[in-house]
Amino acid sequence: MLKVNVVNRGHQPLPVYATTQSAGMDLRANLDEPVVLHPLERRLIPTGLSIALPEGYEAQVRPRSGLALKKGITVLNAPGTIDADYRGEIGVVLINLSQDDFVVNDGERIAQMVVARHETVDFVCVEALDDTERGAGGYGHTGVK
């Protein structure tokens, strides 16, 4: 189990895994008053949380599938990345893709956060890349079947 230091300057409980095999933990809105998201409006919603991830890790902020399907609310920069050296408050950029106003209430589960290991790369310039079966085939390369 990876230990991550967290500062909770808000009034919501810390994120927890809903089940033993969940990959993500729900992030909650930490608001003094409700926020209305009008159709196509985007807002940064505070969580009150700051974390200190170990080097080699990131936290990904992702949409909640229920909000996306039922209400048309998603995370605009999904997945948003929280780097290991960031110490500020985690904010969630929500956008309303529906035709109706959506009210974000204090304590509402607005996104999920997945902590993941990542690699640091060092690019090496070469004259050519190795061949593969796909080669340079791009979008739609494999067809529809």
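For the structure itself, look to the data block above.
Here is what the cut-offs are and how they apply
- Residues numbered from 1 in each chain as written.
- Predicted model: local features only at pLDDT ≥ 70, side-chain atom pairs only at ≥ 80, totals over all residues.
- Heavy atoms only, no water.
- Core = buried A, V, L, I, M, F, W, Y, C linked by side-chain atoms within 4.5 Å.
- Buried < 20%, exposed > 50% of the residue type's maximum accessible area, 1.4 Å probe, protein only.
- Helix = DSSP H or I, 4+ residues; strand = E, 2+ residues; numbered from the N terminus.
- Contact = heavy atoms within 4.5 Å.
- Pairing = 2+ DSSP bridges.
- Axes fitted to C-alpha atoms, helices over the stretch in contact; angles between N-to-C directions.

### Thoughts on the nonpolar core
Phase 1: By size, the foremost hydrophobic cluster in this structure holds 26 residues, and its most contacted members are Ile-45, Val-92, Leu-94, Val-104, Ile-110 and Met-113.
Phase 2: Within the residue set of this core, elements represented by two or more residues are strand S2 (25-28), strand S3 (35-37), strand S5 (49-52), strand S6 (57-62), strand S7 (73-75), strand S9 (91-96), strand S10 (102-104) and strand S11 (109-117).
Phase 3: Every residue in contact with Val-104, bar those within four places of it in the chain, is listed here: Ala-29, Leu-31, Pro-34, Val-35, Leu-37, Ile-45, Leu-94 and Ile-110.

### Regarding the sheet that holds strand S8 (residues 80-82)
Phase 1: As summarised here, the arrangement of the four strands in space is S2-S11-S6-S8, forming an open sheet in which the pairing is antiparallel. In this open sheet, the two edge strands, each paired with only one partner strand, are S2 and S8. Each strand of the sheet is rotated relative to its neighbour by a mean of 35 degrees, with strand direction disregarded.
Phase 2: Here S6 runs beside S11; their pairing, made up of six bridges, is antiparallel. Looking across to S11, one finds that Glu-58 is bridged to Ala-116.

### Digging into the environment of Ile-90
Phase 1: Within the secondary structure, Ile-90 is located in the loop between S8 and S9.
Phase 2: Ile-90 sits in the buried class, given a relative accessible area of 2%.
Phase 3: In the structure, Ile-90 is positioned 39 residues away from Ile-51 in sequence and 8.0 Å away in space, judged by C-alpha atoms.
Phase 4: Here Ile-90 is in contact with Leu-27, Ile-45, Pro-46, Thr-47, Leu-49, Ile-51, Ile-82 and Met-113, once residues within four sequence places are set aside.

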